[in-house]
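Results of the structural survey
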Amino acid sequence: MVLAHSALRFARPASTSLLQRVGPAFSQRGAKLARAAPLGGVRTLTATSSRQGKVLLVLYKGGEHAKQEPQLLGTIENELGLRQWIESQGHTLVTTDDKEGENSKFDQELVDAEVIITTPFHPGYLTAERLAKAKKLKLAVTAGIGSDHVDLNAANTTNGGITVAEVTGSNVVSVAEHVIMTILVLVRNFVPAHEQIVRGDWDVAAVAKNEYDLEGKTVGTVAVGRIGERVLRRLKAFDCKELLYFDYQPLSAEKEAEIGCRRVENLEEMLAQCDVVTINCPLHEKTRGLFNKELISKMKKGSWLVNTARGAIVVKEDVADALKSGQLRGYGGDVWFPQPALKDHPLRTAQYTTWGGGNAMVPHMSGTSIDAQKRYAEGTKNILDSYFSGRFDYRPEDLIVINGDYATKAYGQRTAK
């Protein structure tokens, strides 16, 4: 399905160091700095020119659900609530959910698009091959968090450097809550128990034999960024035996004491101690396929694994095999690769040994609650306005790559040029 018409404006301040980095773009766009007007230690900018261009929006189809709930903004029908605003600014907007195959509407429209917006929930994969055909592309926005659907190295070398930005923080609470829910669903063996009731059965022993308490368990997170830290904070109330984390960058001693957590510098060492492991790291070259047969074998036998980060961080066949063998007692989350998940994806039906259960997988929904959609729709609008107005005063934390270089270490510990 495709919808077309026209695009944009809104903004947030950037730090002085960031303005120095994006400086060359200002002269290219014909915009200039007005005067430094300190607002919380930042610069405010006045643009002298306005751009008009084509925006390509790739979202999932909402159908009747989008009509029933207008706040379901991340659909092709409701278009992040941006159409009227975009058209009022004189820009062109094309919206589609058709993103698979060389002849997809996504591929056809990308050729002359200046801006592409997509979500992690129905990602338009910007491969190096697709980027090579996108001769006018300047900005790629993720409406949400996670820009691994973009070949970031290729983005840095395409069209003088494509800016890749996302709405940092927009759905961290939503995902953290989903992680806690998934842990409890697995540990308390909820799904088989509920399915039993739906079938009209009643067999307490059949479900209680694989039901445990979270209290007294050791829980570890792979990465302790905005989501991982929130997960640990929420787990504190459950009186776990210990809360652990693995990350290249430690929390402050004050935060560790406040949360009651401990850093483990070796991933395998942490996994061996944990009853529950939750993956909260970005997908990049070093984390793709990280949880394979070898690493899963280092985990505590009968532990639970939760993944709301990215599907490609695990090797799906190895996870399914680990459930069947009993190495893992359960696996849950909402991320798949590719997305939408294929009908024969092994994690749709994987179960714990011969007992059944142990599967808490759902569609990619953790970060797209109605509340989250409002936040990432607003953040997307801010990024678009900052670009089209020529101010380029992006929030530094929203930037992934800009001017041909990485602006963050989140996608691998790269050194800036």
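Given the structure is predicted, the values throughout are model-derived calculations rather than measurements. (Residues numbered from 1 in each chain as written. Predicted model: local features only at pLDDT ≥ 70, side-chain atom pairs only at ≥ 80, totals over all residues. Heavy atoms only, no water.)

This part is about the overall build of the protein. Counting secondary structure elements, the protein contains 15 helices and 15 strands. In the protein, which comprises 417 residues, the proportion classed as buried is 54%. In the protein, the share of contacts with a sequence separation of at least 24, taken over all contacts with a separation of at least 6, comes to 72%. For the protein, the exposed surface amounts to about 18600 Å²; the carbon and sulfur share of it is 51%. (Helix = DSSP H or I, 4+ residues; strand = E, 2+ residues; numbered from the N terminus. Buried < 20%, exposed > 50% of the residue type's maximum accessible area, 1.4 Å probe, protein only. Contact = heavy atoms within 4.5 Å. Areas by Shrake-Rupley, 256 points an atom, 1.4 Å probe, with all protein chains shown as cover.)

A separate point is the sheet that holds strand β8 (residues 242-246). In a beta sheet, neighbouring strands pair by backbone hydrogen bonds and run either parallel or antiparallel. An order of β9-β8-β7-β10-β11-β12-β13 is seen for the 7 strands of this open sheet, with the pairing classed as parallel. What marks the edges here is a single partner per strand, and that holds for β9 (261-263) and β13 (359-361). Strand-to-strand twist of the sheet, defined as the mean angle between neighbouring strand axes without regard to direction, takes the value 20°. Two strands pair when backbone bridges link them, and strand β12 (residues 328-333) and β13 are joined in this way by 3 bridges, in the parallel orientation. Of the residues in β13, the one forming a bridge with Gly333 is Met361. (Pairing = 2+ DSSP bridges. Axes fitted to C-alpha atoms, helices over the stretch in contact; angles between N-to-C directions.)

What follows is about the pattern of salt bridges. Two side chains that carry opposite charge are able to pair once their charged atoms sit near each other. According to the stated counting rule, one finds 22 salt bridges in the structure shown. Ionic pairing is found between Lys54 and Asp112, a salt bridge with its closest N-O pair at 2.5 Å. Residue Lys54 is found in strand β2 (residues 54-58), and its partner Asp112 is found in the loop between α4 (105-110) and β4 (115-118); the two are separated by 58 residues along the sequence. A residue is classified by how much of its surface remains accessible, and Lys54, at 12% relative accessible area, is buried. On the basis of relative accessibility, which here comes to 37%, the residue Asp112 falls in the partly exposed class. A salt bridge links Lys61 to Asp97, with the shortest nitrogen-to-oxygen separation between them at 3.9 Å. With Lys61 in the loop between β2 and α2 (64-68) and Asp97 in the loop between β3 (92-96) and α4, this pair connects stretches of sequence that are 36 residues apart. (Salt bridge = Lys/Arg side-chain N within 4 Å of Asp/Glu carboxyl O.)

Here we take up helix α15 (residues 370-388). Over its 19 residues, α15 extends 27 Å from the first C-alpha to the last, a length consistent with the 27 Å expected when each residue adds 1.5 Å. Backbone geometry just downstream of α15 places Gly390 in the positive-phi region, at approximately 85°. (Expected span 1.5 Å × (residues − 1).)

Moving on, we come to the pairing of strand β7 (residues 218-222). The side chains of a regular strand alternate, first on one face of the sheet and then on the other. Burial runs high along β7: 5 of the 5 residues are buried. Going residue by residue along β7, you find Thr218, Gly220 and Val222 tucked away on one face and Val219 and Thr221 tucked away on the opposite face as well. Where β7 meets β8, 5 bridges bridge the pair, whose relative direction is parallel. Within β8, the residue paired with Val219 across the bridge is Leu243.

Note that Lys301 resides in the loop between α13 (293-296) and β11 (303-307). The sequence separation of Lys301 and Gln327 amounts to 26 residues, and the corresponding C-alpha distance is 4.7 Å. With residues near it in sequence (within four places) discarded, Lys301 still touches Ser325, Gly326 and Gln327.

For the peptide bond that leads from Phe337 to Pro338, omega is -5°, which places it in the cis range. For Pro338, the position within the fold is in the loop between β12 and β13. Look at the link from Gln339 to Pro340: it is a cis peptide, with omega at 0°. Mapped onto the elements, Pro340 comes out in the loop between β12 and β13. Despite not being glycine, Leu80 shows a phi value in the positive range, around 60°.

Their axes nearest at 9 Å, the elements helix α7 (residues 172-187) and helix α10 (residues 226-235) cross at an angle of 50°. What the angle tells us is that α7 and α10 run oblique. Along this stretch, α7 crosses α10, giving a crossing that reads as right-handed. Seen from α7, the contacting residues are Val172, Val173, Val175, Ala176, Glu177, Val179, Ile180 and Ile183; seen from α10, they are Arg226, Ile227, Arg230, Val231, Arg234 and Leu235. Residue classes in the contact of α7 with α10 are distributed as 10 nonpolar, no polar and 4 charged. (Parallel < 35°, antiparallel > 145°, perpendicular 65-115°, else oblique. Left-handed = near helix turned anticlockwise from the far one by under 90°. Nonpolar A, V, L, I, M, F, W, Y, C, P; charged D, E, K, R; others polar.)

This part is about the environment of Gly63. Here Gly63 shows up in the loop between β2 and α2. Linking Gly63 and Ile76, residues 13 residues apart in sequence, is a C-alpha distance of 8.7 Å.

By the definition in use, this model includes 7 aromatic pairs. Taking 6.1 Å as the distance between ring centres and 80° as the angle between the ring planes, the aromatic pair formed by Tyr125 and Phe337 counts as edge-to-face. Note that Tyr125 is positioned in the loop between β4 and α5 (128-133) and Phe337 in the loop between β12 and β13, a separation of 212 residues in sequence. Taking relative accessible area as the criterion, Phe337 reaches 39% and is therefore assigned partly exposed. Relative to Phe388, the ring of Tyr387 lies with its centre 5.1 Å away and its plane at 75°, an arrangement referred to as edge-to-face. This pair shows no difference in class: Tyr387 is buried, exactly as Phe388 is. An aromatic cluster is built from Tyr387, Phe388, Phe392 and Tyr394, whose rings are joined through pairwise contacts. (Phe/Tyr/Trp six-rings, centres within 6.5 Å; stacked < 30°, edge-to-face > 60°.)

As a further point, take the confidence of the model for the protein. Of the residues in the protein, 86% have a pLDDT of 70 or more, and the chain-wide mean is 88. Contacts from residues 5-49, a stretch scored under 50 in pLDDT, to residues over four places away or in other chains number 118 contacts. (pLDDT = per-residue confidence, 0-100.)

Along the polypeptide, Thr118 turns up in strand β4. Once you skip the residues sitting within four places of it in the chain, Thr118 turns out to touch Val58, Pro123, Gly124, Val141, Thr142, Ala143 and His149.

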